[in-house]
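Descriptive structure summary
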Amino acid sequence: MTQQYPAELPNKGPRPKEELEDLERIWATPKGFKLLTAVNNTVVGTIYIGAAFLFFVLAGILALVMRTQLAVPDNNFVSQDLYNQLFTVHGTTMMFLFAVPAVEALGVMLLPQMLAARDLPFPRLSAFAIWAYIIGGLVFFSTILYDLAPKGGWFMYPPLTLTEYSPGDNADFWLLGIGFIEISAIAGAIEIIVGVLRTRPPGMTLARMPIFAWAMLIFATMIVFAFPAVILATMLLELERAFGWHFFNATYGGDALLWQHLFWFFGHPEVYIIFLPAAGLVSMIIPTMAQTPLVGYRLIVVALIATGFFSFGLWVHHMFTTGIPGLSLAFFSAASMAVAIPSGIQVFSWIATLAAGKTRIRMTVPSLFIMGFLFIFVLGGLTGVMVAAVPFDFQAHDTYFIVAHLHYVVVGGMVFPLFATFYFWVPLVSRKMLSERLGRWAFWLMFIGFNTAFFPMHITGLAGMPRRVWTYPGYLGWDLLNLISTIGAFTMAAGVLVFIIDLVRNFRFGPGGPENPWNAGTLEFLPNDVYSTRSIPHVTSREPLWDQPNLAQQVREGLHYLPNAPTGGRETIITSVIEAKPQYVIQMPGPSWTQFAAAAFTAACFLLLTVKAVAVALTCGVLAIVSCILWAWQLDRPDQGEVDIGGGIRLPTYMTGSLSHSWWAMVILMLVAASLYISYIFSYLYLWTVSPEIWAPGGSPALPPLTYPLGSALLLICGSVLVHWAKKRLPAAGRLSLSALALLVLAAALLAGAVGLEVLGHLQTGLDPSANAYSAMVYMASVLTGQAAFAVIILCAFACGGLVARRLDRKRCVTFDNAALLYWYTAAQGLCGLVLIHGFPRLIG
């Protein structure tokens, strides 16, 4: 249902004071221990950023210990074993626990304000992702204190990380802990995609979105397609370590390079996953510095999309020295150089915007960090082009030149914009501004310290110093350069310490900070409180605060949309994807313990599996599922009909089908599952090329008779048809449909039977999953389809509960729609798996 806008302001005159009091009461932040139940984006976003910054500081401390060890030759400040743990945890923490979570946290905190929404559409999902990340991350980092930290590097290459060479639980903490944290990152990505596409204010078309919203949309989309690859890799390696399913052991037909392909298909896009939101922040700050609109807005959007697209064709950039064919080297080298073009477009756009400024640029602390970013990132980009050249990479690979390049790109491309963001947007969540004087000290110490630490590493690397060595002899000529790098590292740390002092002295969480101190043109600097914006404005341009001078006052007086709480609870407006026309009012949940309990029990399940406490882990898993069911049950609110949002526009408060934000979230989740399964198909075919002799019907046990896969296929198809029939038999409001209930139960049983029949067929032939890579890959197909089927069965059970409680009917059927979508996807995945497992070996045989 799409509405037209009124020609004038939706509301006339200031709104009653009682409406504002209602908003303050409804959106009030819990106090004390109940703060753990909060779901307001400003609260959970600030906690998220604080946790990410904590991990940045902790990883930095580990870096200082490593630099102390390398400051002089033949040092024994730490042992070799501890050093291996240090650089593994340092790299893992920086990449997995700081870089991606920090930019995702900024999205959670800033996007609702930039989009003038009351909150993101799934606030409890954000809170779940954040607490899962915090709990899992703290437990993982603490392993360095107990000699349980992994030692295989942040990339965890097999065969070094196989049980034969990494016994104990150290590597398992990485595999289960980081794999779980990536799942929480995907949950946040789903929230961000739906939030950007569906909660924009009326009038904010895609062409009027803030650049940061574009960057976060691309960032989250990249997570959806990149992270499943590393999740699959961690699953395969953990199964090999725990149960002897051979995926990476060459003796049994596996290949260690499979890990590199899967890891770097995630790992190289991750560099741009980190960079693109930071670039979006820069594209927001620079126009404010120059007091002029961004030059080349559309080119910047195209450049962001192109960077995201190109990044998925660069993963072999990290594998030039692994012996891959020359044609592949040429292709990936060219792609690695081509990605510099969209990055260059952005740099030139920023320079042009500064040059076109209407006023003299004032060198505030955010401006200084932006200038530092431009200098460092451009240098990092230039060395990136160098290592994209295959002959040069052959010489520089695995030397300190690569360490320098990585840090120039990541620190320059993400850390400096992040600190600019802290100083620029702190008024949104703090009653006081941070100090300009301390901020300048922090910048110069960080800028000088960083370049002193990492620029000499280029020379150290060209002089032959390999990375990941814990000491070196003095006669090689690396000692002075390493000492300089160590001095620079401690100088940079001093800058971070000054920033922390600034935070302690001046950061005071809560609304009431200076209103638009930078004279920015975007909506996040509208008057705000715990409920975000007082009313949701109608946007007519990209810089509404510049083009509509009275907008802030109008919003404060409640003259725009949704100035009150017509449903009596938390809500915001859902708009159309392209034109941002109002479609319905979403009723959002308030504080609850359910999402916190779900996060805590899920984290406990994964982490207890690490130490082989299987019974307790499974108990925690069951409790996590129960918490999720209670969480979802509370969300199923009654339809309140149409409500007035202002200007005579009345919108429904419940929506099903493709207009529903829940439908969009389920489709994105299906894309995640599809990306995971495509990564599996790649792995299956890759190992076939490595060891074709063991692929059935050659050296492995015979394939099951076709009656088994055909039976499984029939069950999947019949179950899908039953779900369709159940949809047509949903009851009228307030009634129970036993036929719909029976059809849904039978469909769930058929899905479980299809997976069970496939596994039974292989067991009947005597196929042992630990025999070789082929047998492991065969059973892995059933594992992946089985886990999807498990989720479907839970959703079906939830829908059945809704039917029995008479909360699910023909009009209120979002939960059924979601269960049906995932059921049909799982059936399609199962059919693809049957064709691959039973058809491909017969085809090549």
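Attention in this report is confined to the structure presented alongside it. On a predicted model such as this, the values are computed, not experimentally measured, just so you know.

The next thing to look at is the nonpolar core. Residues Phe98, Phe263, Trp350, Trp425 and Tyr680 are the most contacted members of the largest nonpolar core, which totals 258 residues. The element contributing the most residues to this core is helix α6 (residues 211-243), with 23 residues. Here Trp350 is in contact with Ala279, Val282, Ser283, Ile286, Leu294, Ile300, Phe373 and Leu374, once residues within four sequence places are set aside. Core analysis: the next-biggest nonpolar cluster, separate from the first, contains 10 residues, Tyr531, Ile574, Ile586 and Met588 among them.

Moving on to helix α7 (residues 256-290). Taking 1.5 Å of rise per residue, the 35 residues of α7 would be expected to cover 51 Å, and the 51 Å separating its terminal C-alpha atoms lies within 8% of that figure. At Trp264, α7 shows its largest kink, close to 30°. Of all 35 residues in α7, 33 are buried, a share of seventy percent or more. Of the residues that open α7, the one with a side-chain oxygen 3.2 Å from the backbone nitrogen of Leu257 is Asp255.

The next thing to look at is the environment of Ala226. Looking at where Ala226 falls in the secondary structure, it is placed in helix α6. Counting along the chain gives 449 residues from Ala226 to Ser675, while the straight-line C-alpha distance between them is 7.8 Å. In this structure, Ala226 is in contact with Phe265, Phe266, Pro269, Ile273 and Phe312, ignoring residues within four places of it in sequence.

The subject of this paragraph is a nonpolar patch on the surface. Together, Leu480, Leu483, Ile484 and Ile487 make up an exposed nonpolar region whose accessible area comes to about 340 Å². Mapped onto the elements, Ile487 comes out in helix α15 (residues 479-506).

Summarising the element assignment, Ser737 is placed in the loop between α21 (707-728) and α22 (738-764). Within the local environment of Ser737, its side chain forms a polar contact with the backbone nitrogen of Ala740, the two atoms lying 3.2 Å apart. Aside from chain neighbours lying at most four places away, what touches Ser737 is Arg729 and Pro731.

Two elements, strand β5 (residues 642-646) and strand β6 (residues 649-652), share four bridges in a ladder whose sense is antiparallel. Each residue of the ladder has a partner; that of Asp644, found in β6, is Arg650.

Let us look at the packing of helix α11 (residues 365-388) against helix α14 (residues 436-462). In a pair of packed helices, the angle between the axes and the distance between the axes together describe the arrangement. Remark: α11 packs on α14, axes separated minimally by 9 Å, with the N-to-C direction vectors making an angle of 10°. Classified by the angle their axes make, α11 and α14 are roughly parallel. Of the residues in α14, those touching α11 at Val365, Pro366, Leu368, Phe369, Gly372, Phe375, Ile376 and Thr383 are Glu436, Gly439, Arg440, Ala442, Phe443, Trp444, Met446, Phe447, Phe450, Asn451 and His458. Residue composition of the contact of α11 with α14, grouped by class: 12 nonpolar, five polar and two charged.

Mapped onto the secondary structure, Thr205 falls in the loop between α5 (170-198) and α6. Remark: the alpha-carbon pair of Thr205 and Glu579, spanning 374 residues in sequence, is separated by 4.5 Å. What Thr205 contacts, discounting residues up to four positions off in sequence, is Arg200, Ile578, Glu579 and Ala580.

Turning our attention to the pattern of salt bridges. Enumeration over the complete set of coordinates arrives at nine salt bridges. With a shortest N-O distance of 3.6 Å, Asp22 and Arg25 are connected by a salt bridge. Taken together, the residues Asp22 and Arg25, both in helix α1 (residues 17-26) and three residues apart, mark about one turn of the helix. Taking the relative accessible area as the measure of exposure, Asp22 reaches 34% and is therefore partly exposed. The partner of Asp81 in a salt bridge is Lys151, with the nearest N and O atoms 2.8 Å apart. With a gap of 70 residues between them, Asp81 in helix α3 (residues 80-114) and Lys151 in the loop between α4 (123-142) and α5 connect regions that are remote in the sequence.

Further remarks concern the state of the cysteines. The tally for this structure, following the rule as stated, stands at zero disulfides. Cysteine Cys605 remains unbridged, with the sulfur of Cys620 as its closest cysteine sulfur at 6.9 Å. By relative accessible area, which is 15% here, Cys605 ends up buried. For the unlinked cysteine Cys796, the closest cysteine sulfur is that of Cys800, found at 6.7 Å.

Considering all chains together, one arrives at 67 aromatic pairs under this definition. Here the aromatic rings of Phe416 and Phe447 are separated by 6.5 Å at their centres, their planes lie at 80°, and the arrangement is edge-to-face. On the criterion of sequence distance, the pair formed by Phe416 in helix α13 (residues 400-425) and Phe447 in helix α14 is long-range, its members being 31 residues apart. Taken as a pair, Phe416 and Phe447 share a single burial class, namely buried.

Criteria and thresholds
- Residues numbered from 1 in each chain as written.
- Predicted model: local features only at pLDDT ≥ 70, side-chain atom pairs only at ≥ 80, totals over all residues.
- Heavy atoms only, no water.
- Core = buried A, V, L, I, M, F, W, Y, C linked by side-chain atoms within 4.5 Å.
- Buried < 20%, exposed > 50% of the residue type's maximum accessible area, 1.4 Å probe, protein only.
- Helix = DSSP H or I, 4+ residues; strand = E, 2+ residues; numbered from the N terminus.
- Contact = heavy atoms within 4.5 Å.
- Expected span 1.5 Å × (residues − 1).
- Bend = angle between axes of the 7 residues up to and from the residue.
- Polar contact = N/O pair within 3.5 Å; in protein donor to acceptor, adjacent residues only side chain to side chain.
- Patch = residues over 30% accessible without salt bridge, like charges linked within 9 Å, V, L, I, M, F, W, Y side chains within 5 Å.
- Areas by Shrake-Rupley, 256 points an atom, 1.4 Å probe, with all protein chains shown as cover.
- Salt bridge = Lys/Arg side-chain N within 4 Å of Asp/Glu carboxyl O.
- Pairing = 2+ DSSP bridges.
- Axes fitted to C-alpha atoms, helices over the stretch in contact; angles between N-to-C directions.
- Parallel < 35°, antiparallel > 145°, perpendicular 65-115°, else oblique.
- Nonpolar A, V, L, I, M, F, W, Y, C, P; charged D, E, K, R; others polar.
- Disulfide = S-S within 2.5 Å.
- Phe/Tyr/Trp six-rings, centres within 6.5 Å; stacked < 30°, edge-to-face > 60°.

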